[in-house]
Amino acid sequence: MDKFYALSAPIRREIIKLLSEGERLTSTAIAEKFQLSAPAISQHLQVLLNSKLVRMHKEAQKRIYELNPIGIAEIEAWASELSKQLSNISPTKVVKREE
């Protein structure tokens, strides 16, 4: 699944931000932070899992979620490459959009 699609939903970006604080959280703990049902949060977590932005492991009957550093690094590398390309564009080559 496309990482940018996964990040297109504000709630999923908020989940990423929450997990970026270094905590490993259950889906129940994540749902408690938002005004969404556990099934709704689970659907969002599944999108994030499929895009490899988060990873999950089981401890007994709990599913524990954390950021996937490899998935996050792929986005960072893409943004860095784009930034390098943009820094090579001369300001005189930039075309202003008509409003």
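Draft legend 1. Seen up close, the confidence of the model for the protein. In the predicted model, the protein carries a mean pLDDT of 87, and the fraction of residues at 70 or more is 89%. Mean pLDDT across the elements of the protein bottoms out in helix H5 (residues 69–87) (85) and peaks in helix H2 (residues 10–20) (95).

Draft legend 2. Looking closely at the packing of aromatic side chains. For the structure shown, the criterion picks out 1 aromatic pair. Positioned over the ring face of Tyr-5 is Arg-12, at 5.4 Å from the centre of the ring.

Draft legend 3. Spatial organisation of the side chain of Asn-68. With respect to the helices and strands, the residue Asn-68 is situated in the loop between strand S3 (62–67) and H5. Judged by relative accessible area, Asn-68 falls into the buried class, the value being 12%. A polar atom in the side chain of Asn-68 sits 3.1 Å from the backbone nitrogen of Ile-70. Once you skip the residues sitting within four places of it in the chain, Asn-68 turns out to touch Lys-52, Leu-53, Val-54 and Arg-55.

Draft legend 4. How the structure looks around the pattern of salt bridges. Overall, the coordinates contain 4 salt bridges when judged by the stated rule. A salt bridge links Glu-74 to Lys-3; the nearest nitrogen and oxygen atoms lie 2.9 Å apart. Here Glu-74 is found in helix H5, whereas its partner Lys-3 is found in helix H1 (residues 3–6), with 71 residues between them in sequence. Look at Glu-74 and you get partly exposed, because its relative accessible area is 43%. The class of Lys-3 is buried, set by a relative accessible area of 15%. Arg-24 is paired through a salt bridge with Glu-59; the nearest N and O atoms lie 3.2 Å apart. Placement of Arg-24 in the loop between H2 and strand S1 (25–26) and of Glu-59 in strand S2 (residues 54–59) is noted, with a sequence separation of 35 residues between them. Arg-24 gets classed as partly exposed once you look at its relative accessible area, which sits at 44%.

Calculation notes
- Residues numbered from 1 in each chain as written.
- Predicted model: local features only at pLDDT ≥ 70, side-chain atom pairs only at ≥ 80, totals over all residues.
- Heavy atoms only, no water.
- pLDDT = per-residue confidence, 0-100.
- Helix = DSSP H or I, 4+ residues; strand = E, 2+ residues; numbered from the N terminus.
- Phe/Tyr/Trp six-rings, centres within 6.5 Å; stacked < 30°, edge-to-face > 60°.
- Lys NZ or Arg CZ within 6 Å of the ring centre and 35° of its normal.
- Buried < 20%, exposed > 50% of the residue type's maximum accessible area, 1.4 Å probe, protein only.
- Polar contact = N/O pair within 3.5 Å; in protein donor to acceptor, adjacent residues only side chain to side chain.
- Contact = heavy atoms within 4.5 Å.
- Salt bridge = Lys/Arg side-chain N within 4 Å of Asp/Glu carboxyl O.

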